[in-house]
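Given next are the chains, with one letter for each unit.
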Amino acid sequence: MKGAPIDQKWNVPATEESPLEGGFRAEFEVTTERGGPRYGELIEEVRTFMDKVRYASPTPELADEIIDDLKLFNAKLDTLLVDEWHTPSGTRVDLPSRGNITLPPYEVIDGGEDGVTASVEFRRFHLGGNGVAHGGHVAVVFDDLGGMAATLHVHGIARTAYLTVNYRSLTPLETPLTMRTWAERREGRKIFVKGTLHDGDRLCADMEALFIQLRPGQA
Ligand SMILES: CCCCCCCCCC(=O)SCCNC(=O)CCNC(=O)[C@H](O)C(C)(C)COP(=O)(O)OP(=O)(O)OC[C@H]1O[C@@H](n2cnc3c(N)ncnc32)[C@H](O)[C@@H]1OP(=O)(O)O
């Protein structure tokens with residue numbers, strides 16, 4: 001298991017009442033094919049590049065060279081752009097964070113109706129200051145894995161209404177951390193979710209969030 005539990009039924013098939021439109025599509029296609037067998041490696045190289053950009057102090061000449069190289073890469077990708085529903089980024093459940101380049105990389109260890117446990121590692125480019133993670137990046141992972149817990153709990157798509165993070169101690173970079181998220185209770189479409197982030201036994205942060213299950217066809 002890497003980016004998500006594959007065997008869970010979290011995709012609600014499209015129907016006339018719940019068409020494939022709106023904020024999140026009714027159907028979340030589970031795939032390990034898009035982007036090819038080395039897509040994970042591609043994403044990892046991009047993350048490594050961002051790590052280095054975060055800490056590099058290039059000369060003007062090196063910056064010129066890298067800009068030219070990046071323009072070539074961007075032109076290559078321009079030939080193969082697809083919409084968000086068909087990109088591998090976010091749908092490759094076999095890859096950390098479902099292959100989503102915008103998320104700190106996590107691997108789901110266990111996931112189902114009762115909650116999600118994942119190993120997350122903040123990268124060097126997630127630096128906030130003083131060598132530790134930026135609080136916003138911590139919140140992003142809580143949002144994604146909290147949303148996953150809500151989705152698995154109700155077997156339907158949910159969207160964040162609010163999310164509160166308490167930063168209890170510093171969150172290290174380049175360290176395997178454990179995040180747990182679970183639905184504490186449900187009131188109709190409202191799913192109250194809680195979560196924790198630990199470095200070993202030390203609590204780095206906890207969160208409380210409200211996710212709202214989307215009505216059929218809701219944008
Ligand atoms: C599958 C793999 C996992 C993927 C996980 C990805 C997770 C990513 C999650 C996100 O980041 S979603 C993006 C961030 N969130 C948004 O952009 C949400 C923007 N807001 C909205 O779209 C709507 O406000 C929302 C869907 C949340 C609610 O609108 P609705 O029209 O569906 O519901 P409504 O306003 O009628 O509220 C329903 C209930 O929730 C309550 N509620 C809504 N927002 C609230 C709030 N902020 N605080 C407290 N209560 C709230 C509301 O009072 C009401 O309570 P009652 O039923 O008891 O009357």
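Residues numbered from 1 in each chain as written. Predicted model: local features only at pLDDT ≥ 70, side-chain atom pairs only at ≥ 80, totals over all residues. Heavy atoms only, no water.

Novice: Could you clarify how one ought to interpret the pairing of strand 6 (residues 177-187) in this entry?
Specialist: One ladder, built from 5 bridges, connects strand 2 (residues 115-120) with strand 6; its direction is antiparallel. Looking at strand 6, one finds that Ala-118 is bridged to Met-179. Direction of pairing for strand 6 relative to strand 7 (residues 190-199): antiparallel, over a ladder of 9 bridges. Bridge assignment links Met-179 to a residue of strand 7, and that residue is Leu-197. The hairpin formed by strand 6 and strand 7 contains 2 residues between the paired strands, and Gly-188 there has a positive phi angle of roughly 60°. (Pairing = 2+ DSSP bridges. Helix = DSSP H or I, 4+ residues; strand = E, 2+ residues; numbered from the N terminus.)

Novice: Is there a simple way to think about the side chain of Arg-98 in this case?
Specialist: Residue placement: Arg-98 occurs in the loop between helix 2 (60-78) and strand 1 (106-112). Polar side-chain contacts of Arg-98 include one of 3.1 Å to the side chain of Asp-144. (Polar contact = N/O pair within 3.5 Å; in protein donor to acceptor, adjacent residues only side chain to side chain.)

Novice: Where do I start with the pattern of salt bridges in this structure?
Specialist: Two side chains bearing opposite charge may form a pair once their charged atoms approach each other closely. A complete count under the given rule lists 10 salt bridges for this structure. Residue Asp-206 is joined to Arg-168 by a salt bridge in which the shortest nitrogen-to-oxygen separation is 2.9 Å. Taken together, the residues Asp-206 in strand 8 (residues 202-213) and Arg-168 in the loop between strand 5 (158-167) and strand 6 connect sequence positions 38 residues apart. A relative accessible area of 14% places Asp-206 in the buried class. Taking the shortest distance from any N to any O, the salt bridge between Lys-190 and Glu-187 comes out at 3.9 Å. For Glu-187, a relative accessible area of 38% puts it in the partly exposed group. Through salt bridges with shared partners, a single ionic network connects Glu-44, Asp-51 and Arg-123. (Salt bridge = Lys/Arg side-chain N within 4 Å of Asp/Glu carboxyl O. Buried < 20%, exposed > 50% of the residue type's maximum accessible area, 1.4 Å probe, protein only.)

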